[in-house]
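Coordinate analysis (summary)
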2 protein chains.
Amino acid sequence: MTHAFQAPKGTRDFYPPDMAVRRHLESVWRSVSINHGFEEVDGPTFEHLELYTVKSGPGIVSELFSFRRAGGKTEYALRPEFTPTLGRMVASAIKRLSPPVKWFSIPTMFRAERPQRGRLREHVQWNVDVVGDASPAAELEVLAVLIGVLRRFGLTDRDVTIKLSHRQVVTELLLGAGLDEARLPAAFDLLDRRDKLPAAEFDERAATLGLDAGTLEVFRPGGQSRIDPAGVSEHFGQLLSALDDAGLASWYTTDFGIVRGLAYYTGTVFEVHATSGRERAIAGGGRYDGLVELFGGPPTPAVGVAMGDVVLRLVLEETGRLSTPETYLPRPDVFVINLLETTGLRDRTVAELRDAGLHARHSHRATKKLGKLLSEADQLRARFAVILGREAEEGRAVVKDLAAAKEEEITLDTLATTLRDRCHAKPEDQP
Amino acid sequence: MTHAFQAPKGTRDFYPPDMAVRRHLESVWRSVSINHGFEEVDGPTFEHLELYTVKSGPGIVSELFSFRRAGGKTEYALRPEFTPTLGRMVASAIKRLSPPVKWFSIPTMFRAERPQRGRLREHVQWNVDVVGDASPAAELEVLAVLIGVLRRFGLTDRDVTIKLSHRQVVTELLLGAGLDEARLPAAFDLLDRRDKLPAAEFDERAATLGLDAGTLEVFRPGGQSRIDPAGVSEHFGQLLSALDDAGLASWYTTDFGIVRGLAYYTGTVFEVHATSGRERAIAGGGRYDGLVELFGGPPTPAVGVAMGDVVLRLVLEETGRLSTPETYLPRPDVFVINLLETTGLRDRTVAELRDAGLHARHSHRATKKLGKLLSEADQLRARFAVILGREAEEGRAVVKDLAAAKEEEITLDTLATTLRDRCHAKPEDQP
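The rules we used
The residue numbering used here restarts from 1 in each chain and proceeds along that chain's sequence as written. By the order in which they are written, chains take letters starting at A while ligands take numbers starting at 1. Residue-level local features of this predicted model are given only where pLDDT is at least 70; pairs of side-chain atoms are given and counted only at 80 or more, and the full residue set underlies all totals for whole chains, interfaces and linings. Side-chain numbers here rest on the full set of heavy atoms in the structure, without hydrogens or water. For two strands to pair, DSSP has to find at least two bridges joining them. Only DSSP runs of H or I with at least four residues qualify as helices, and only runs of E with at least two residues qualify as strands; both kinds are numbered from the N terminus onward. To get an axis, fit a line to the C-alpha atoms, keeping to the stretch in contact for a helix; angles then go from 0 to 180 degrees between the N-to-C directions. Only heavy atoms matter for contacts: two residues are in contact if any of them lie within 4.5 Å across the pair. Here, nonpolar core refers to any group of buried Ala, Val, Leu, Ile, Met, Phe, Trp, Tyr and Cys residues whose side-chain atoms link them within 4.5 Å. Think of it in three bands: with a 1.4 Å probe and only protein chains considered, a residue is buried below 20% of the maximum accessible area for its type, exposed above 50%, and partly exposed in between. Picture the helix axis, draw a direction to every C-beta atom, and the arc is the one those directions span. Domains are outlined according to an automatic or database domain assignment. In superposing the copies, a least-squares fit is computed on C-alpha atoms, taking residues whose pLDDT is at least 70 in both. The salt bridge definition used is simple: a Lys or Arg side-chain nitrogen within 4 Å of an Asp or Glu carboxyl oxygen. Per residue, pLDDT captures the predictor's confidence, and it can take any value from 0 to 100. The term buried area refers to how much accessible surface (probe radius 1.4 Å) is lost by two components on association, counted for both of them together. Polar contacts, as used here, are pairs of N or O atoms within 3.5 Å; protein pairs need one atom able to donate a hydrogen and one able to accept it. Residues neighboring in sequence count only if both atoms are side-chain atoms. Note on residue categories: nonpolar means Ala, Val, Leu, Ile, Met, Phe, Trp, Tyr, Cys or Pro, charged means Asp, Glu, Lys or Arg, and polar means any other residue, Gly included.

Looking at the sheet that holds strand 15 (residues 384-388) of chain B
Residues and elements named next belong to chain B. In space, the five strands of this open sheet follow the order 14-13-15-16-17, with mixed pairing throughout. Edge positions in the open sheet fall to strand 14 (360-362) and strand 17 (406-411), since each of these has one partner strand only. Going across the sheet, the axis of each strand differs from the next one's by a mean of 25 degrees, ignoring polarity. Pairing of strand 16 (residues 396-401) with strand 17 involves six bridges; the strand directions are antiparallel. The residue of strand 17 that forms the bridge with Lys400 is Glu407. Packing against the sheet, helix 14 (residues 370-379) makes contact with strand 13 (334-338), strand 15 and strand 16, and its axis sits at approximately 165 degrees to strand 13. Across the sheet, helix 15 (residues 412-423) is in contact with strand 13, strand 15, strand 16 and strand 17; its angle to strand 17 comes to roughly 130 degrees.

Pasting the structure below:
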């Protein structure tokens, strides 16, 4: 078998159980986003390469999958993140949109990097953004939907923490520690890589910037300093108060070591980490007030967060918040068991049940043993088994409620409507 | 504004109303597929380029978006269709799968061609496949789920027709018309392009193959010939009988002008066309018994169909089966109207409603005029309006059922649970 017959490195084949888990994640993201008043959008899977170089500089190109059409000149790239698409879409439609715009999306994203634990070449990512609100209320909306999603997954404030930071506060703390202003970008970059560097190397590099180990303790979760963050940024102070007022204090800690590598953040930044500390950030985001303008729109404030499926799934598994993948497969409403010699009645019955909007299956095995077929129905977690046996001659089927272990006879011509009503299904010709 | 700030040619930005329509299409595809016992799968958005050249030959490359990683040697391509991925996935897992495998998927697909009406560079495509069943029952299952989907969209057998054909029958008809066997591929290719060529050019090319206009009438919908299709292919005859027995006779016609360009079909082929004849095929598929083996698996029979979102949407619009896009946006359960000076109670109320699993919104406009705010609630098609006014001092809110135009007072501390029960919502901490 050649390598062509395997999924490309860093990508995934989703067989039914894994696909069912993915749909579970997406469905929680979608339903909580909608409850919080966000509207779903999407853009193209690939964009003009320039969209990314304008935002992130030419250095980004080596991290992207980029290409041209055979014989074409235009350069495209698979999207590595959704924010540039969002900025472009808002910029080009700003006149007919009435801000604040509250959008979410669940696109697939691509990185041309070496795959690592929690970081693949293709992943699914949930994005929520509030565009057009400069006040801390925008951050609060984004953090509230984020916490809503974490809770719906069954995670608690003991499983995960939102590490909150603000670029202006980080800047003041660094300058207060005696850092030369010219070295701010280098210090930001170093803080951003703290978790990836060996402690000794981090300290050594910090020392060359003139930062000693004592000073660096300020850049730890909950680190205390003489500087009052609310004094540096009134906006950030208001956000912390708003979170406390909303009863969300237990979900966050300030952590001024969080700077977020992406240069376009302009104020608040945050990451969600599992308290176990074993995985990469589950989610990250912040305020990026310059992006819509960068793509040709008017100055427009914006806040957003993104959460990928790979780290999320690892954390849900580690915290016992995910059942075995098979349990996420759709449950059949009805499993039809055919004990008759011919398949005509079975086929008509299955077709009627499906037309009535029910999820109906039958065995593809040759066996006529009731016990074996009932255990197949059980294994699929069907709600009802319909048994076509000798009662069929009198126009009736035996219907077994598999959870309640109750059994009754139902006439064949009312079977589909009876079971439809019990399962609250919607027939196929009613959109 | 540079071109980089627009979606690439042939791709689409999905703003909320268009996204809602797309989700409507996907949700019908998904729910009917599940009802028919298909399980969802997905693969990578890009595959090894070789996967496509092995199946379709080197000629396919110019129709694909292909690329390498910077500095890498492996050639990849954005997937132009799902079948190769499916064949590869079945081949590599055949030992743990118990055929027949019934899979569906809803991936995005890419073509590096000049965009045309109904044919974009990126589109969403529904795929269903039955793998491991050589009998006409497999075709029947695929055609039944296809008709189930068409019906759920509100289409009838007067709006659309399935044109059924069989490669072996087409071959016999061509040879019976005196075609030289060596010219079969050329004749297949010509039939496949009949709709795209001017009639005169088609006739001329047919004549050079030795086919006269009279003969060619056989290759029209319902065309009659001295050859009995069931005599040529027993399998095809059984399929037609099975469709008639299942009450689906009105949905199809035989049309031996349908050959399907893709060379991997091995028997039955079919397309779905709007009776208006104005658009491209809505869907197409057939039997491809050689594909799993081609990707390293054992000989495995397979039947499948694919339907893209672009032509489908055009046909649904033309037949009046699609409402205005806005009506597909999710309806809020509750719209909170704040007549108080402060926003604290509003924010707490909205948060409680959302925590209870309800889709809750409030106005972002400054107005306190009840009439204006109620009409905003109406415009969003909210089910309930919760009015926070002077009753709030006594711990109550006015709740208006907007469809029934009924009004009542509910105490604030039972508001979320009361409305949750009325809307059958699931709270956020119950996954």
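Structural notes on the nonpolar core
Membership of the largest hydrophobic core comes to 69 residues, with the highest contact counts inside it found for Trp126, Leu146, Ile162, Leu164, Leu174 and Met307 of chain A. Per-element accounting of this core gives the leading share, nine residues, to helix 4 (residues 136-152) of chain A. With near-sequence residues (within four places) excluded, Met307 of chain A lies in contact with Trp29, Val124, Gln125, Trp126, Leu146, Val149, Leu150, Ile282, Ala283 and Leu312 of chain A. With 68 residues, the next largest nonpolar core counts Ile162, Phe236, Tyr252 and Val305 of chain B among its residues.

Observations regarding helix 15 (residues 415-423) of chain A
All names here are of chain A. Looking at helix 15, one finds that the buried residues are Leu415, Ala416, Leu419 and Cys423. For helix 15, the angular spread of the buried residues around the axis is 90 degrees, confining them to a single face. Among the residues trailing helix 15, His424 stands out with phi positive, at a value near 50 degrees.

Some remarks on the pairing of strand 13 (residues 334-338) of chain A
Residue and element names in this part refer to chain A. Of all five residues in strand 13, five are buried, a share of seventy percent or more. The alternating pattern of strand 13 places Val334, Val336 and Asn338 on one face and Phe335 and Ile337 on the opposite face, and all of these are buried. Pairing geometry for strand 13 and strand 14 (residues 360-362), over three bridges, is parallel. Its bridge partner lying in strand 14, Phe335 is registered against Arg361.

With respect to the domain arrangement of chain A
Its domain assignment divides chain A into domain 1 (16-325) and domain 2 (330-425). One C-alpha centre belongs to domain 1 of chain A, the other to domain 2 of chain A; they are set 49 Å apart.

Things to note about the relation of the copies chain A and chain B
If you rotate chain A by 180 degrees and push it 0.0 Å along the axis, it lands on chain B with an RMSD of 0.0 Å. Both copies of the chain, as the preceding transformation shows, are related through a two-fold rotation axis. Relative to the rotation axis, the closest C-alpha in chain A is found at Phe67 of chain A, a distance of 2.7 Å. Counting the interface residues of chain A, we find that 100% of their copies in chain B are interface residues as well, pointing to one common contact surface.

A short note on the pattern of salt bridges
Think of it this way: side chains of opposite charge can pair up when their charged atoms draw near. On inspection of all chains with the given rule, the structure shows 73 salt bridges over all chains. Here Glu271 of chain A and Arg260 of chain A are joined by a salt bridge, their closest N and O atoms 3.1 Å apart. Taken as a pair, Glu271 of chain A in strand 10 (residues 268-274) and Arg260 of chain A in the loop between strand 9 (252-254) and strand 10 lie far apart in primary sequence, 11 residues in all. The salt bridge partner of Asp347 of chain B is Arg346 of chain B, with a shortest N-O separation of 2.9 Å. Its relative accessible area of 33% is what places Asp347 of chain B among the partly exposed residues. Under the relative-accessibility criterion, Arg346 of chain B is labelled buried at 17%. Overlapping salt bridges bring together Arg22, Arg23 and Glu26 of chain A together with Arg30, Glu40, Asp42 and Arg79 of chain B as one network.

Some remarks on unusual backbone geometry
All names here are of chain A. For the bond from Pro99 to Pro100, the omega torsion is 0 degrees, close enough to zero to count as cis. Along the chain, Pro100 turns up in the loop between helix 3 (83-93) and strand 5 (101-105). For Arg381, which is not a glycine, the phi torsion comes out positive at approximately 60 degrees. Tracing the backbone through its elements, the reader meets Arg381 in the loop between helix 14 (370-379) and strand 15 (384-388). Look at Ala405: it is not a glycine, yet its phi comes out positive at around 55 degrees.

Observations regarding the confidence of the model for chain A
Looking at chain A, pLDDT values average 93 and 98% of them are 70 or higher. In the predicted complex, the global pTM is 0.95; the interface-specific ipTM is 0.95.

As for the sheet that holds strand 16 (residues 396-401) of chain A
Hydrogen bonds between backbone groups are what pair the strands of a sheet, and the pairing can be parallel or antiparallel. Residues and elements named next belong to chain A. Reading across the sheet, the five strands line up as 14-13-15-16-17 and stay open at both edges, with mixed pairing between neighbours. This sheet does not close on itself; its edge strands, each paired only once, are strand 14 and strand 17 (406-411). Between one strand and the next, the sheet's axes are offset by a mean angle of 25 degrees, whatever the strand orientation. Of the strands in this sheet, strand 13, strand 14 and strand 15 are in contact with helix 13 (residues 344-355), which crosses strand 14 at around 160 degrees. Sitting on the sheet, helix 14 is in contact with strand 13, strand 15 and strand 16, with an inclination near 165 degrees to strand 13.

Things to note about the pairing of strand 12 (residues 302-308) of chain B
Residues and elements named next belong to chain B. Of all seven residues in strand 12, seven are buried, a share of seventy percent or more. Side-chain alternation along strand 12 places Ala302, Gly304, Ala306 and Gly308 on one buried face and Val303, Val305 and Met307 on a second face that is also buried. Bridge analysis of strand 11 (residues 283-287) against strand 12 gives five bridges, and the strand direction is antiparallel. In the sheet register, Gly284 faces strand 12, and the bridge partner there is Ala306.

Some words on the interface of chain A and chain B
Each partner contributes residues to the interface: chain A has 82 residues there, and chain B has 82 residues. Of the roughly 7,600 Å² buried where chain A meets chain B, counting both sides, 55% is carbon and sulfur surface. Summed over the shared surface of chain A and chain B, the number is 11 salt bridges. The shortest N-O distance in the salt bridge between Glu39 of chain B and Arg361 of chain A comes to 3.7 Å. At the boundary of chain A and chain B, one finds 32 residue pairs in polar contact (both at pLDDT 80 or more). The element best represented in the side of chain A that touches chain B is helix 1 (residues 16-35) of chain A, accounting for eight residues. The residue inventory of the side of chain A that touches chain B, partitioned by class, reads 34 nonpolar, 20 polar and 28 charged.

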